[in-house]
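What follows is each chain in one-letter form.
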Amino acid sequence: MKELKKPNILNIDNIARSRLFQIQSVNLEFSNGEKRTYERMKPANREAVMIVPIIDDNLILIREYAVGIENYDFGFPKGAIDPGENALQAANRELKEEIGYGAHSLIELAKLSMAPSYFSSKMNIVIAHDLYPEQLEGDEPEPLIQIHWPIAKMMDLLDHPDFTEARSVSALFLAHRYLLQNK
């Protein structure tokens with residue numbers, strides 16, 4: 001495979017800011033002399049977690065309002081890794097906040113990029129076993145509805161009209177592979 005040379009960054013301008021995001025314009029020059037301007041979210045070192053919780057023979061999913069699609073979607077519990085936490089600590093905290101369980105066993109399955117042309121963020125996918133009841137107060141504006149989905153029919157989630165988020169679909173495939181390898 002031919003080695004590619006990274007383009008030179010000619011300059012970066014901050015062009016917009018909201019309460020949560022900062023958008024940058026990045027001017028690049030590629031090794032062949034071609035120049036382009038791209039827009040991206042300002043890179044950040046903060047990562048997030050998505051957890052595939054398993055209790056008995058079921059996956060636990062949540063139904064949550066997603067303002068980007070202006071509808072309720074369902075997928076796996078998720079959230080930002082707070083300063084001072086590692087991915088597994090954040091996963092356990094998010095489980096307690098979003099589904100009212102902690103986990104004795106947390107296993108990192110993968111670290112995924114999310115729209116790398118626009119974001120530097122990473123999502124850590126974690127599977128959680130051996131759950132126990134424990135509730136922490138979360139930051140959700142309304143109670144999250146839990147869905148217990150049989151592991152034996154986990155891939156049927158792909159046909160559900162409300163299971164659409166790419167990160168949850170990726171987590172489903174990673175969990176499926178993990179479960180097949182660890183029967």
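Scoring rules and cut-offs
Residues numbered from 1 in each chain as written. Predicted model: local features only at pLDDT ≥ 70, side-chain atom pairs only at ≥ 80, totals over all residues. Heavy atoms only, no water. UniProt positions renumbered as here; feature names shortened; annotations may be inferred. Helix = DSSP H or I, 4+ residues; strand = E, 2+ residues; numbered from the N terminus. Buried < 20%, exposed > 50% of the residue type's maximum accessible area, 1.4 Å probe, protein only. Contact = heavy atoms within 4.5 Å. Core = buried A, V, L, I, M, F, W, Y, C linked by side-chain atoms within 4.5 Å. Phe/Tyr/Trp six-rings, centres within 6.5 Å; stacked < 30°, edge-to-face > 60°.

Per an unreviewed UniProt entry, the protein is named ADP compounds hydrolase NudE, and its organism is Proteus alimentorum. Of the comments in the UniProt record for the protein, the one headed Subunit (unreviewed entry) reads "Homodimer." The protein has a UniProt comment under Cofactor (unreviewed entry) that states "Mg(2+)".

Looking only at helices and strands, the protein has two helices and 10 strands in total. For the protein, the α and β elements follow one another from N to C terminus as β-β-β-β-β-β-β-α-β-β-β-α. With respect to the principal axes defined by its C-alpha atoms, the protein has extents near 60 × 40 × 35 Å. The buried share of the protein, taken over its 183 residues, is 36%. For the protein, the proportion of contacts with a sequence separation of at least 24, taken over those separated by at least 6, is 56%.

This part is about the nonpolar core. Membership of the largest hydrophobic core comes to 24 residues, with the highest contact counts inside it found for Leu 59, Leu 61, Phe 76, Ile 127 and Leu 157. Residue assignment for this core shows that the elements contributing at least two residues are strand 4 (48–55), strand 5 (58–66), strand 9 (122–133), strand 10 (145–150) and helix 2 (166–181). Of all the elements, helix 2 adds the most residues to this core, at six residues. Formed by 18 residues, the second largest nonpolar core is a distinct cluster that contains Ile 51, Ile 60, Ala 90 and Val 126.

Right, let's talk about the packing of aromatic side chains for a bit. Enumeration over the complete set of coordinates arrives at four aromatic pairs. With a centroid separation of 5.3 Å and 70° between ring planes, the pair formed by Tyr 65 and Tyr 72 is classed as edge-to-face. Note on Tyr 72: relative accessible area 34%, which makes it partly exposed. An angle of 40° between the planes, with centres 6.4 Å apart, marks the rings of Phe 74 and Trp 149 as tilted. Note that Phe 74 is positioned in strand 6 (residues 71–75) and Trp 149 in strand 10, a separation of 75 residues in sequence. There is no split in this pair, since Phe 74 and Trp 149 are both buried.

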